[in-house]
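The lines below spell out each chain.
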Amino acid sequence: DGVLVHGGASRRSRFPSLRELYSGALGRFEPNPNLRPETLLGGEAGFTATGVNGEVQLVGFHQRLSDGIVRRSFTDGLGNRRFQRVNQDKVRSSGVELLLVGTLGASTFNGDLTLQDVAGYDADGTEVELEYEPSILGKLGFDIPIPAQFRFGGEGRYVGEQMCENPEIGGLQPLPASTAFDLTLRRIFSFGRGGALSRLDASAAVRNVTDRAVFDQCGLPQPGRLLHLQFRIW
């Protein structure tokens, strides 16, 4: 038990892939063979506190990305709206992450929360908005024992409002904040005296219980309410 203080700094570079340089993605993208490598300078510091019933970690971070590869939408000479990957002069992000995991008797819980401020800058210093950079996101889950040797679990996920590049309107459009909940019921059964094929792990889960519209990208929703049954025998 105690507190561990930790920190780090890094410099990483990534060269554009062949797909990013040359692929037209069936006409959706305009290739850009002049893409430059992107370079990330990052630092973080925080602490992890460990106790008998769990662990809490808090980390602050700051990152600077030069020549970050992002995508823009435009109208080509034929009037078609398309994407193209380009280099963003600078992208800066700062924030904090909170992670926790713990137990209460035979029950367990876990969660994480990220708060961040992300902005892009053109070469002249003008600030621009970026895709898929919500200022807040997190999740919270639990797993508890219930009668008849079953275990009941759940998880809630939240993603704040963010922007996405939509070629149909020729620019960014907001994606609303989303919340989704999952519930799971699980039990392990034992047969005979042990050995091969003597145990069955059965679970039933309902994903996105409230049937909310959750979008990964513009026009690309995740599944609605989904029933998931799983059996494992060993």
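Everything quoted here is computed from the prediction, not taken from an experiment.

1. Side note on the overall build of the chain
Counting its regular elements, the chain contains 1 helix and 15 strands. Compactness check: the chain gives a C-alpha radius of gyration of 23 Å against a globular reference of 17 Å for 234 residues, more than 25% above the reference. Projecting the C-alpha coordinates of the chain onto the three principal axes gives extents of approximately 70 × 45 × 35 Å. Burial status across the chain gives 29% buried among its 234 residues. The contacts of the chain with a sequence gap of at least 6 include a subset with a gap of at least 24, amounting to 55%. Across the chain, the 25 positively charged side chains and the 27 negatively charged ones have centroids separated by 8 Å.

2. As for the state of the cysteines
By the definition in use, this model includes 1 disulfide. Sulfur-sulfur distance for the disulfide between Cys164 and Cys218 comes to 1.6 Å. Across the S-S bond linking Cys164 and Cys218, the dihedral sits near 80 degrees, which makes this disulfide right-handed. Of this pair, Cys164 sits in strand β9 (residues 162–166) while Cys218 sits in the loop between β13 (215–217) and β14 (220–221), and the two are 54 residues apart along the sequence.

3. Brief notes about the confidence of the model for the chain
The predicted model of the chain has a mean per-residue pLDDT of 93, with 100% of residues at 70 or higher. Here β13 is the element of the chain with the lowest mean pLDDT, 85, and strand β7 (residues 136–146) is the one with the highest, 98.

4. Looking at the pattern of salt bridges
This model, assessed by the stated rule, comprises 12 salt bridges. The partner of Glu131 in a salt bridge is Arg71, and the shortest N-O contact between them spans 2.9 Å. With Glu131 in the loop between β6 (127–128) and β7 and Arg71 in strand β3 (residues 54–75), the pair connects residues that are 60 residues apart, well separated along the chain. The exposure class assigned to Glu131 is buried, which follows from its relative accessible area of 17%. Arg71 gets classed as buried once you look at its relative accessible area, which sits at 18%. Residue Arg82 pairs with Asp76 through a salt bridge whose shortest N-O separation is 3.6 Å. Asp76 carries the same exposure label as Arg82, and that label is buried. When salt bridges with common partners are traced through the structure, they connect Arg14, Glu20 and Glu38 into a single cluster.

Analysis parameters
- Residues numbered from 1 in each chain as written.
- Predicted model: local features only at pLDDT ≥ 70, side-chain atom pairs only at ≥ 80, totals over all residues.
- Heavy atoms only, no water.
- Helix = DSSP H or I, 4+ residues; strand = E, 2+ residues; numbered from the N terminus.
- Rg over C-alpha atoms; globule rule 2.2 N^0.38 Å.
- Buried < 20%, exposed > 50% of the residue type's maximum accessible area, 1.4 Å probe, protein only.
- Contact = heavy atoms within 4.5 Å.
- Lys, Arg positive; Asp, Glu negative; His and termini not counted.
- Charge placed at Lys NZ, Arg CZ, Asp CG, Glu CD.
- Disulfide = S-S within 2.5 Å.
- pLDDT = per-residue confidence, 0-100.
- Salt bridge = Lys/Arg side-chain N within 4 Å of Asp/Glu carboxyl O.

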